[in-house]
Amino acid sequence: MSGWRAGILSALLGVAVWQAVVWATGLPRFILPGPGLVATTIWKSRALIAEHALITMTEVIAGLILGTVLGALSAVGLAASKWARTLVRPMLVFSQAIPVFALAPILTLWFGYGLGSKVVMALIIIYFPVTSSFFDALMRPNRDWIGLARVMGASPARIMWHIRIPAALPGLASGVRLAAVYAPIGAIIGEWVGASKGLGYLMLLANGRAKTDLMFAALIVLAVFTILIHAVVSRIATRLLERY
Amino acid sequence: MIAPALHLDGSARYDGTPVFSDLSLRVPAGEWTCLLGPSGVGKSTILRLFAGADTGADFDGSFGADDGAPLDGRMALMAQDDLLLPWLDLRANVAIGARLRGEAPDLARAEATLARVGLAGMETRRPAELSGGQRQRVALARTLMEDRPIVLLDEPFSALDARTRSQMQDLTAETLAARTVLLVTHDPAEAARLGHHILIMGPNSVTPVAPPAGPIPRPVDAADVLGAQADLLRQLRGLPE
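Attention here is on the structure that accompanies the text. (Residues numbered from 1 in each chain as written. Chains lettered and ligands numbered in written order. Predicted model: local features only at pLDDT ≥ 70, side-chain atom pairs only at ≥ 80, totals over all residues. Heavy atoms only, no water.)

## Quick notes on empty space enclosed by the protein
Here is the rule: Cavity and pocket criteria rest on a 1 Å grid covering protein atoms alone: a 1.4 Å probe that fits but cannot get out defines a cavity, protein on both sides within 12 Å along at least 5 of 7 lines defines an open pocket, and an atom within 4 Å of a point defines a lining residue. Grid points are joined across faces, edges and corners, and a volume is the space filled by probe spheres set on the points. Each helix is a run of H or I in the DSSP string that is no shorter than four residues. Each strand is a run of E no shorter than two, and both are numbered from the N terminus.
A full pass over the atoms with the stated rule returns one cavity of 30 Å³ or more. In this structure, the largest cavity spans a volume of roughly 50 Å³. Lining the largest cavity we find Trp145, Leu148, Ala149 and Ile163 of chain A together with Leu83, Leu85, Asn93, Ile96, Leu100 and Arg142 of chain B. Going through the elements one at a time, helix H7 (143-151) of chain A together with helix H3 (96-100) of chain B are the ones with two or more residues in the lining of the largest cavity. Element by element, the count of residues in the lining of the largest cavity is highest for H7 of chain A, at three residues.

## A short note on the pairing of strand S8 (residues 197-202) of chain B
Residues and elements named next belong to chain B. The cut-off we apply is this: Here's how the labels work: a residue is buried when its accessible area is under 20% of the maximum for its type, exposed when over 50%, partly exposed in between, all with a 1.4 Å probe on protein chains only. Here, any two strands with at least 2 DSSP bridges between them count as paired.
Counting buried residues along S8, five of its six residues qualify, which places the element largely inside the surrounding structure. Across four bridges, strand S3 (residues 32-36) lies against S8 in parallel orientation. Note on S8: the bridge partner recorded for cysteine 34 is isoleucine 198. Two elements, S8 and strand S9 (residues 205-209), share five bridges in a ladder whose sense is antiparallel. Within S9, the position partnered with leucine 199 by the bridge is proline 208.

## Some points on the environment of valine 15 of chain A
All names here are of chain A. Summarising the element assignment, valine 15 is placed in helix H1 (residues 2-25). On the accessibility criterion, valine 15 (37% relative accessible area) is partly exposed. For valine 15 and histidine 230, which are 215 residues apart along the polypeptide, the C-alpha to C-alpha distance reads 22 Å.

## Comments concerning the layout of surface pockets
All names here are of chain A. Let me state the cut-off plainly: Gly counts as polar in this scheme, as do all residues outside two lists: the nonpolar Ala, Val, Leu, Ile, Met, Phe, Trp, Tyr, Cys and Pro, and the charged Asp, Glu, Lys and Arg. Domains are outlined according to an automatic or database domain assignment.
Looking at the largest pocket, its volume works out to about 800 Å³. Broken down by element, the residue count for the lining of the largest pocket peaks at six residues, all from H7. In terms of residue class, the lining of the largest pocket is built from 16 nonpolar, four polar and 10 charged. Computed from the structure, the second largest pocket encloses a volume of approximately 490 Å³. As for the second largest pocket, its lining consists of 18 residues, and the residues nearest its centre are Gly7, Ile8, Ala11, Val224 and Ile227. If you tally residues by element for the lining of the second largest pocket, the top one is H1, at eight residues. Mapping the lining of the second largest pocket onto the domain boundaries places at least three of its residues in each of domain 1 (1-29) and domain 2 (33-243).

Have a look at this one:
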């Protein structure tokens, strides 16, 4: 529980610094709204924010699930086949050289202005961290385990299923934990480029109309949501690993 | 179960440097052969060759069972590292061989085997809850569960304390009787206690040494066993570097 207490204290300190900056600089509220105003806006616009937050959450969670499944399958495929490693891995590494931002417009063109393009965006942004951390773990098996399994008459597929995959699950878990933080970034970029719903859209809208307080409100809700989803994913991962 | 004799003839090189040359090794059927030697002399390479594991060395020669049948499916392996899977309980660890072959694991037999090595009632524990000696008992149970005529032992007791080691030697000798066992060790005391046949391996040579009399496991405190141990150590010290 001391972790929570430290988190709350740290948040209070952040709010205090924020308020101090507002007082010290005397910036107008459309440039830098104070924490009190933003809190009031969150409360007053809760229906509006909730509606858009729900969309973003759906995108993030769908992207997380799809990205994790696809990433995990890719990692196992790469680990199982030398051919796949030779042919596909350079492509994967190259794909990381393309900034995801640059892909957003084309994804919007392909998958439309709705949820689809944002889910794909979140998926793409988390696919690589999930794949690479799981793959690395799969490629670092205890060689003696594998030697013993071979003496016992195990096929490569069974060695994968009974030894390499279970041994690499902590690697997958750390990839998914990272993914939980990255996925909202993908969804928000997607919403900026083309959307009529979602927290990213709401932020752009509020910014355009000089409703800086609403923009801050949306930003804070997004940050809190990201922290929550990271905590939930971490919790689930730890639980599953314990049971395993 | 008919335990075959094993043989290995040939040379191994590692990056061009010979590990051993023109070696001729005989492992008689149904008995324990101890391959005793200092570290780095190629003992484990020999064992790994039999096990079909990647040795990292180029081997030129032949090895196998004297009955001419393939070794696959007739060997079990036990090493210094117990190699228990931390995510499985003891019963599942003991029965892992069947699962790895896609067969239905016989969990009742796994429990009986655990009881045989003195771990009755602990089948649902995880390896992390066990001491080093207990873990090595589970590894022995897993080896017994495989029930193979040939057993390769790669310094299986070298990480244990002296008391646990001698107990494990007794238990292993008793449970693996009548099998063809190749025990690789650097411990003269172990060879003196457990070898029906003792071979001292030096660079490019394998020298048979007469073991003490009596069935294995021989007592830890008998004068002839202690004498043989001292003699083996003297010969090890006399090997060229």
